[in-house]
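# Structural characterization, general
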Amino acid sequence: MTGDVVSLEDVEAARDRIGGVVHRTPLDTSRTFAELSGAASVGLKLENVQRTGSFKIRGAYNTMAQLSAEERESGVIASSAGNHAQGVALAGDLLDIDTSIVVPEVTPAAKVEATRGYGAEVIVEGDIYERSYEYALERADETGETFVHPFDDPAIIAGQGTIGLELLEQYPEIDTVLVAIGGGGLISGIGTALKAVEPDVRVVGVQPEGALHAKPSLERDEIHELADVDTVAEGIADTRMLETTFANAREVVDDVVGVSDRELATAVTLLAERAKTVAESAGAAPLAAAVSSETDLDLEGEHVAIVVSGGNVNLTEHAELTRTGLHQLERYVEARLAVAGWPTTVGDVVETVESEGAELDVLERARRSNVDHPNRVPVTIGLEGSGPEHLIRVLEALSGLEGVSAVEHSLD
Ligand SMILES: Cc1ncc(COP(=O)(O)O)c(C=O)c1O
């Protein structure tokens with residue numbers, strides 16, 4: 001394994017380079033998350049409010065600021081459908097370097113627009129990300145543009161590591177840091193900075209169960225590549241680390257844990273509700289690990305830093321995630337009612353939900369199935385309440401209404 005290993009000096013030099021350009025993001029403490037995880041305290045490092053909505057500008061700017069005059073003249077190319085694209089595009093704008101970003105055909109128009117909005121030329125090429133990546137490399141060969149890798153580059157890693165330096169200042173009591181792993185650049189940088197100054201800080205990576213490659217790689221001490229990935233967290237849906245990130249991660253990562261997509265949705269929900277902050281699934285992964293009862297991660301009595309690495313999620317997806325999250329927290333229920341006296345009874349249903357202090361999210365006439373009574377109208381409702389006992393109370397009140405003859409739901 002020959003990847004370059006990044007030093008504290010590299011990270012400090014990156015801090016000097018990017019200071020004044022990127023935000024020193026806030027560190028919020030959360031009593032609620034400390035209680036939920038058993039930690040003595042939890043510090044949320046809010047990179048979701050970083051410029052471009054994720055930490056990626058740190059590495060991109062650090063890398064591109066070091067290009068020679070000639071390289072700057074030839075421009076930069078990257079392939080990404082997400083946060084790296086925006087980081088490279090903004091860095092290009094700030095440094096006056098032309099940028100081209102290759103994205104796969106499936107990239108949502110909103111993301112293409114956001115990247116264009118930072119001044120990049122967007123090239124749509126390839127049915128999947130791998131093809132866009134190959135195309136970007138081929139084009140770089142032809143045009144002389146510099147290819148900026150999303151993670152496997154010492155300058156990228158050093159840039160991301162500046163988060164670690166900020167953590168040491170903002171949260172000096174830190175015992176453990178939880179960081180999402182995609183290709184491993186973020187955790188390599190943060191781990192390098194933290195371990196160089198505080199060798200006892202525990203550095204824990206978090207991955208979706210459907211993209212859990214770093215754990216076997218570090219356990220077996222060789223890069224493990226997944227045949228495919230399956231997760232809602234597209235920001236960290238990578239199949240493997242590469243040489244440089246692996247060489248760094250094996251020095252500084254103590255452990256890696258996996259979280260389910262349902263746990264990711266719950267963490268997105270908790271961040272919205274309790275911390276009043278919008279995170280994408282990848283950005284919520286560390287909190288998911290902290291509050292999960294499924295991992296063997298022991299945070300009891302520790303001071304735990306959670307890196308909320310990004311917040312680039314469109315609002316419809318955020319709404320889907322929070323609905324799933326509320327389900328998981330047993331704060332949301334869908335029920336199917338059999339209603340006589342349509343539509344008058346519907347008014348009684350609405351009134352009852354309100355008087356019981358719950359929120360009616362949806363109410364719709366359902367498609368009739370052959371088990372439905374011919375003289376009843378099937379109605380589905382979605383309710384938000386303060387917890388399972390509250391929701392069950394509301395459903396009981398509904399089943400007591402004249403005109404409501406059955407209430408089916410999934411709560412025990
Ligand atoms: C929001 C977010 N968090 C975490 C990561 C993981 O970073 P890395 O690929 O350096 O491990 C990414 C990567 O794109 C990301 O977009």
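Residues numbered from 1 in each chain as written. Predicted model: local features only at pLDDT ≥ 70, side-chain atom pairs only at ≥ 80, totals over all residues. Heavy atoms only, no water.

Of all ten residues in helix H11 (residues 243–252), seven are buried; the element is thus mostly enclosed. Regarding H11, the residues found buried are Thr 244, Thr 245, Phe 246, Ala 247, Asn 248, Ala 249 and Val 252. Taken together, the buried residues of H11 touch helix H8 (154–170), helix H9 (185–197), strand S8 (202–208) and helix H10 (214–220). (Buried < 20%, exposed > 50% of the residue type's maximum accessible area, 1.4 Å probe, protein only. Helix = DSSP H or I, 4+ residues; strand = E, 2+ residues; numbered from the N terminus. Contact = heavy atoms within 4.5 Å.)

With that settled, the discussion passes to the domain arrangement of the protein chain. The domain boundaries assigned to the protein chain delineate domain 1 (8–54 + 155–325), domain 2 (56–153) and domain 3 (330–409). With centres defined by C-alpha atoms, the gap from domain 1 to domain 3 works out at 40 Å. (Domains from an automatic or database assignment.)

With that out of the way, let us pick up the pairing of strand S3 (residues 76–79). Covered by surrounding structure in S3 are Val 76 and Ala 78 together with Ile 77 and Ser 79, the residues of both alternating faces. Here S3 runs beside strand S4 (residues 99–103); their pairing, made up of four bridges, is parallel. Note that in S4 the partner of Ile 77 across the bridge is Ser 100. Considered for its hand, the β-α-β crossover made up of S3, helix H5 (residues 83–95) and S4 is right-handed. Pairing of S3 with strand S6 (residues 146–147), which is carried by two bridges, proceeds in the parallel orientation. Looking across to S6, one finds that Ile 77 is bridged to Phe 147. (Pairing = 2+ DSSP bridges. Right-handed = clockwise from strand over helix to strand, strands pointing away.)

Position of Glu 134 relative to the elements: it lies in helix H7 (residues 129–143). Along the sequence, Glu 134 and Ala 290 sit 156 residues apart, while their C-alpha atoms lie 37 Å from each other. Among the polar contacts listed, one links the side chain of Glu 134 to the side chain of Arg 131, at a separation of 3.1 Å. (Polar contact = N/O pair within 3.5 Å; in protein donor to acceptor, adjacent residues only side chain to side chain.)

So, on to the site of the ligand. With respect to spatial proximity, 17 residues lie near the ligand, and among them Asn 83, Gly 182, Gly 183, Gly 184 and Ser 309 are the closest. Here an oxygen atom of the ligand and a side-chain polar atom of Asn 83 are 2.8 Å apart. Backbone polar atom of Leu 186 to an oxygen atom of the ligand: 2.8 Å apart, as the coordinates give it. In the complex, 95% of the free accessible area of the ligand, which totals 390 Å², lies under the protein chains. (Near = heavy atom within 4 Å. Areas by Shrake-Rupley, 256 points an atom, 1.4 Å probe, with all protein chains shown as cover.)

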